[in-house]
Each structure stands twice: as structure tokens, then as C-alpha cells.
Amino acid sequence: MSDAVGHSPALIAGQRAAPRVSLRGIVVPLLLPLALALIWEGAVTGGFAEGRLMPAPSTILATLGELARSGELEVHVLATTSRVAVGFLLGSIAGVLVGAITGHFALSRRVLDPTLQALRAIPSIAWVPLFILWLGIFEASKIALIAVGVFFPVYLGVMGAIASVDRKLVEVGRIFRLNSLQLVSRILLPAVLPATVVSLRGGLGLGWMFVVAAEFMGAAEGLGYLLIDGQQTGRPDLIIAAIVVFALLGKASDALLATVARPFLRWQDSYQTN
Amino acid sequence: MLHIGHVSKAFARGGPVLADVDLTVESGESVAIVGASGCGKSTLLRIIAGLEAPSGGTVTVAGETIQAPHPAVGMIFQEPRLLPWLTVAENIAFGIAALPASERTARVHEALDLIGLVEHASKWPRELSGGQSQRVAIARALVARPSVILLDEPFSALDAITRADLQRHMRALSQRMGLTLVIVTHDLEEALILGDRVAIMQPNPGRIAKIVSVQDDGNTDAVRRELASSFIHLNGARNAAILEGAHIQYAHTS
């Protein structure tokens, strides 16, 4: 939050240092996937498992290395990541805005929410033919599909959080004669920030799911394209390599979002705060 | 001067809450309003604060009718209501965001000094005790420099020692700053400490039934007896159960 009273040393004295990233924090999460990979590798090399349909991690790594050396991996990763980034940006902006409006204004909630809840129930894949007809086969339809996937969890999270902001805090704003815009920016949005971050993380996860559906709509590049390519050429190593990259990108983007949000949530009185 | 002129309030569901409440509080005076739970004390305070509109009558501060929250009127709630995402200093500065930064900083420094929390300026509200949080809430109301401060059972959630400390502190602050105070409480002891006069409300619908003057010239026991017996007479023995034993004793011995 902003330093509302300037930078007087007495007022900012004692401010906490940013939390450090510990080695344990990096190593512990890797233990399970590494252990599974080792077991898998051992099972294939020891002849206990069939490696043709389920290639060993070493084969997957070799495939990834080959893709990286040829420059293909970069192209596919860049294509998918940029689609997710743009779709996430559009979907989350719309989700926060519409969620804030419907959460704050009861009338708009009564008018908009039933329709949006009905639209939310539509399976994502049902939008594909319509988006292709409306927006064509290229980037616009893919990004629209991702944005739709991101929009709903963000909208739902923000609307629910704003509608449940403590009335007593809003009254503090009223006592100090905040106008509607100030009330939203100085009370409602900060109050719903934790819930918004959770919604954004949920939306981002859905963004990575929807990009696969989007890239199944005839993409020439992207990790979704690699999945199709692997299926059509009978290369499970390529499919699993694409899946692994999806997992890594999904985890990295979620961690990035959580890291960016953390300084803004230090005030939370949660059991994990200290 | 604060004037409550024939104020009434009825909610659409639930019927009348206040009827013909009439009270004038002089500048620099402190009036405590006591009454049983549900007699409309807090509703009256919210009307004075501009948070509720009266069904009838008017509230004026220095001749100006209160129809919405007004800069001359500050309010301290039962709970501190600090904004958890702001530090102590930022919370105190919350209501004076429109002032120039230097003025804001000076006022916050002064307020922190006044409440004895200078070293806690950069702490989060979650790191404060209940008493410290309520001090911050007091400072937040004071930095906006209102002439009238409304207190809605502000110390009821605190332990006895902290409560007594804050009551003395609030009394001293209001006298030093010449504030007009209206305190809603169900604690007669608190009413006696903070009020120059104590207005006793009677329920169904809420109205001011009696006003007792509090003097510091040695007749406190008499005042206590009068206050306690009036309270029990007006609010009934069942409601008197909320009083502390000492107060009931005064009533019984009168």
C-alpha cells in the first residue's frame, strides 16, 4: 500500500524486509516429481515397464533437448505463452471490472449475474465453432476462448468478495465522506485483493487449460500443436514433452503471479503470515 | 453546538425505534447516553453521524443540518474498524488524504504522540492489541479535527484496566481539545467518567427520559444513586442486569 503519510523516518521505521527465497523452498517442491521421474526411469530401464507408449524421462529430456536445439521449442513456447498472456490479461481485466460492478451495485448483480452464471455453465469447447465463425481460425478466436476461460473464475471471485466486504469497513469510508470511486479504490478493492489474487491464479490455471483447446483449433505453432503433432506422428515422447512444458510454464506463471502479489498481501492476518 | 431536534426514526420493518428525541449539547460539553440494549442509542448516534436519515426531526451542528456524514462530526465505533491493509500511520491518515503531504505527516506525528504509539507507526493493525487498536481509531477520528466526536460503546470490548486507561485518556483529550462528545454506553461508570451530563434513554420507542448532571464536587455517590435508580426505574429490573454489581447496589441503597 502507498505510504499515505510521506516518507518520514519515524513512520516507516521498522518496515520489514522482503521475504527471502530459501533453498528449502526450492528443493522441497521438486522432491516428489524427481522421485516419480526416477522411479519411472528405473522401471523402464529395468524392463519392468513398457517404454514405447510411456517413454522414460531420459527420452523425454532428449526430445526436449532436440526441440530446444532446433529452436522449435522456443517458437512453440512463445506462441502458447503469448496467447495465454493476452487471453489472461483480457479475461482478468473484464472479470475484475464486471465482478466489481456486479459486486458493488445490487441492481447490476440482479440484471447481469443470472445470465453470466448461465454462460459460465457452457462447456468451453462449445464456444469453439462459434468463435471460429465470428473471429476466424487465427489468433483472435484462440485468444477469445482463453479470455472466456479466465473471465468466469475471476468474475465470480471478485463479485463474491466485493459483495461480502465488511459493512463496517465501508462505513469508515462513509464517515470520511469518500465518494463512490474513492470507496471502490480505497476500501473495496484493497479489501478484496486477497480473494482477487486467488481468483486470478484460478483464472490463469484455466487459461493454460483453454489454450490447449484453442490450439486444437488448427494452430500451426504452440504446445497444443505439438500435442496434435505427437498424436498424428505416433510420438508419445513429443506429447509428454509438451505436457511437461505445459506443467512447467503453468507452475512458473502461477509462482510469478503469487510472488508479484505477495508484497501487497503482507497485511493479512492469516495463520501463515508469520 | 450540537442540537438534536425532535428526532424520530422508524424502520420499514420493525416499527418505531426513536420518538421525539430532543437534546442540545453545548460546545465542549460531553454527554453520555445510557439505556438498555435495543433502546435506540446506537441508532441515534448513527443519525447524528449522518449514517442514517431520521424519519422526523433534524440534527444540526453549529447551525448546519446533518444529512450525511459531515467533516465537523467524527465517529469512534465499538470496534476499532482499522483498515487491515494500511499501517497504523496510514490508518490515522486515512481521513485526511486531501491535505498536503507535509500537513498530513505533521498531524499524524502529533496524533501518534498523543496516543503514545509513535514506535508502532509502521505496524499492521493485526500486530496491535485491542487497546492499541482503539487508540489508533481515536487518533484517526481526531486528526480530521472535528468539533464533535461520537463514541459508540468504544471501550466495551476492552479489559477493565485498558478501558479505565482509555476513558481517562479520552476525557483528557476532549478537555484539552475542547471537543463536544456524545458517548453511547451501557456502562454507567463510563458514563460518569466521560459525561458532563448523562441522558438516560427509555425503550419502545427510544426516547430520552431523564438527564442527570454529573459534577466533580463531591456528590458523585448521590449522582450514582440517582443515575442507577433512574436507569432501573426507566429500563426495568431485567435490563438492569446489564449493570455492574456496584451500580445496582447504589440503586438498592437509594
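In what follows, the structure referred to is the one given above.
Structural notes on the overall build of chain A
- Counting secondary structure elements, chain A contains eleven helices and zero strands.
- Of the regular secondary structure in chain A, the N- to C-terminal order runs α-α-α-α-α-α-α-α-α-α-α.
- Counting only C-alpha atoms, chain A reaches 70 × 50 × 30 Å along its principal axes.
- Going through the 274 residues of chain A one by one, you find that 39% of them count as buried.
- The long-range share in chain A, meaning contacts at least 24 apart out of those at least 6 apart in sequence, stands at 71%.
- A total of about 15,300 Å² of accessible surface is found on chain A, and carbon and sulfur atoms cover 70% of it.

Considering the pattern of salt bridges
- What the rule picks out here adds up to 17 salt bridges over all chains.
- Note that B:E103 and B:R107 form a salt bridge whose closest N and O atoms lie 2.9 Å from each other. Note that B:E103 and B:R107 are positioned in helix α3 (residues 101-115) at a spacing of four residues, about one turn of the helix.
- Between B:R145 and B:E110 there is a salt bridge; the shortest N-O distance is 3.3 Å. In this pair, B:R145 is assigned in the loop between α4 (130-143) and β7 (148-152) and B:E110 in helix α3, connecting sequence segments 35 residues apart.
- On the accessibility criterion, B:E110 (46% relative accessible area) is partly exposed.
- In this structure, a network of salt bridges that share partners links the residues A:R167, A:K168, A:E171, B:K9, B:R46, B:E52, B:E79 and B:R81.

Some points on the environment of B:A53
- Inspection of the secondary structure puts B:A53 in the loop between α1 (41-49) and β4 (56-61).
- Its relative accessible area of 48% is what places B:A53 among the partly exposed residues.

Considering the packing of helix α3 (residues 57-70) of chain A against helix α11 (residues 236-261) of chain A
Residues and elements named next belong to chain A.
- At a minimum axis distance of 9 Å, the contact between α3 and α11 shows a crossing angle of 80°. Accordingly, the angle class assigned to the pair α3 and α11 is roughly perpendicular. Between α3 and α11, the residues in contact are T59, I60, T63, L64 and L67 and D237, L238, I240, A241, V244 and V245, respectively.
- Taken together, the residues of the contact of α3 with α11 break down into eight nonpolar, two polar and one charged.

Here's the deal with unusual backbone geometry
Residue and element names in this part refer to chain B.
- In this model, N204 is joined to P205 through a cis peptide bond whose omega is -15°.
- Position of P205 among the secondary structure elements: in the loop between β9 (197-202) and β10 (207-213).
- With a phi close to 50°, D20 is a non-glycine residue in the positive phi region.
- Not every positive phi belongs to a glycine, and E153 is a case in point at roughly 40°.

Focus: the sheet that holds strand β3 (residues 30-34) of chain B
Residues and elements named next belong to chain B.
- Strand order in the open sheet made by the six strands is β6-β7-β8-β3-β9-β10, with mixed pairing throughout. Single-partner strands in this sheet number two, and they are β6 (73-76) and β10. Each strand of the sheet is rotated relative to its neighbour by a mean of 20°, with strand direction disregarded.
- Here α4 sits on the sheet and contacts β6 and β7; the angle it forms with β6, its principal contact strand, is near 175°.

Things to note about the nonpolar core
- Counting 93 residues, the largest nonpolar core has A:L145, A:I187, B:I48 and B:L150 as its most contacted members.
- The dominant element in this core, judged by the number of residues it contributes, is helix α7 (residues 139-163) of chain A, at 13 residues.
- The residues contacting A:I187, other than those within four sequence positions of it, are A:L169, A:V170, A:G173, A:L178, A:Q182, B:L83, B:W85 and B:F94.
- B:A93, B:I96, B:V136 and B:V143 belong to the second-largest nonpolar core, a separate cluster that totals 17 residues.

Let's talk about the packing of helix α10 (residues 223-232) of chain A against α11(A)
Residue and element names in this part refer to chain A.
- Closest axis-to-axis distance for the α10/α11 pair is 8 Å, and the angle between their directions is 160°. Overall, the two elements α10 and α11 adopt an arrangement that is roughly antiparallel. Crossing angle aside, the handedness with which α10 passes α11 is left-handed. In contact with L223, G224, L226, L227, D229, G230 and Q231 of α10, α11 contributes L238, I239, A242, I243, V245, F246 and L249.
- For the contact of α10 with α11, the class distribution of residues is ten nonpolar, three polar and one charged.

What to know about the side chain of A:T63
- Counting through the fold element by element, A:T63 comes out in helix α3.
- The contact partners of A:T63, leaving out residues within four places of it in the chain, are A:R235, A:D237, A:L238 and A:A241.

A look at the sheet that holds strand β1 (residues 2-11) of chain B
Residues and elements named next belong to chain B.
- Spatial ordering of the open sheet is given by β2-β1-β4-β5, a layout of four strands whose pairing is antiparallel. In this open sheet, the two edge strands, each paired with only one partner strand, are β2 (15-25) and β5 (64-65).
- Relative to β4, β1 runs antiparallel, the two being bridged by five bridges. When the bridges of β4 are listed, G5 appears paired with T58.

Considerations on the pairing of β6(B)
All names here are of chain B.
- Residues V73 and M75 of β6 are buried on one face, and the alternating residues G74 and I76, pointing to the opposite face, are buried as well.
- Relative to β7, β6 is paired through four bridges, and the arrangement is parallel. Note on β7: the bridge partner recorded for G74 is I149.

Parameters at a glance
Residues numbered from 1 in each chain as written. Chains lettered and ligands numbered in written order. Predicted model: local features only at pLDDT ≥ 70, side-chain atom pairs only at ≥ 80, totals over all residues. Heavy atoms only, no water. Helix = DSSP H or I, 4+ residues; strand = E, 2+ residues; numbered from the N terminus. Buried < 20%, exposed > 50% of the residue type's maximum accessible area, 1.4 Å probe, protein only. Contact = heavy atoms within 4.5 Å. Areas by Shrake-Rupley, 256 points an atom, 1.4 Å probe, with all protein chains shown as cover. Salt bridge = Lys/Arg side-chain N within 4 Å of Asp/Glu carboxyl O. Axes fitted to C-alpha atoms, helices over the stretch in contact; angles between N-to-C directions. Parallel < 35°, antiparallel > 145°, perpendicular 65-115°, else oblique. Nonpolar A, V, L, I, M, F, W, Y, C, P; charged D, E, K, R; others polar. Pairing = 2+ DSSP bridges. Core = buried A, V, L, I, M, F, W, Y, C linked by side-chain atoms within 4.5 Å. Left-handed = near helix turned anticlockwise from the far one by under 90°.

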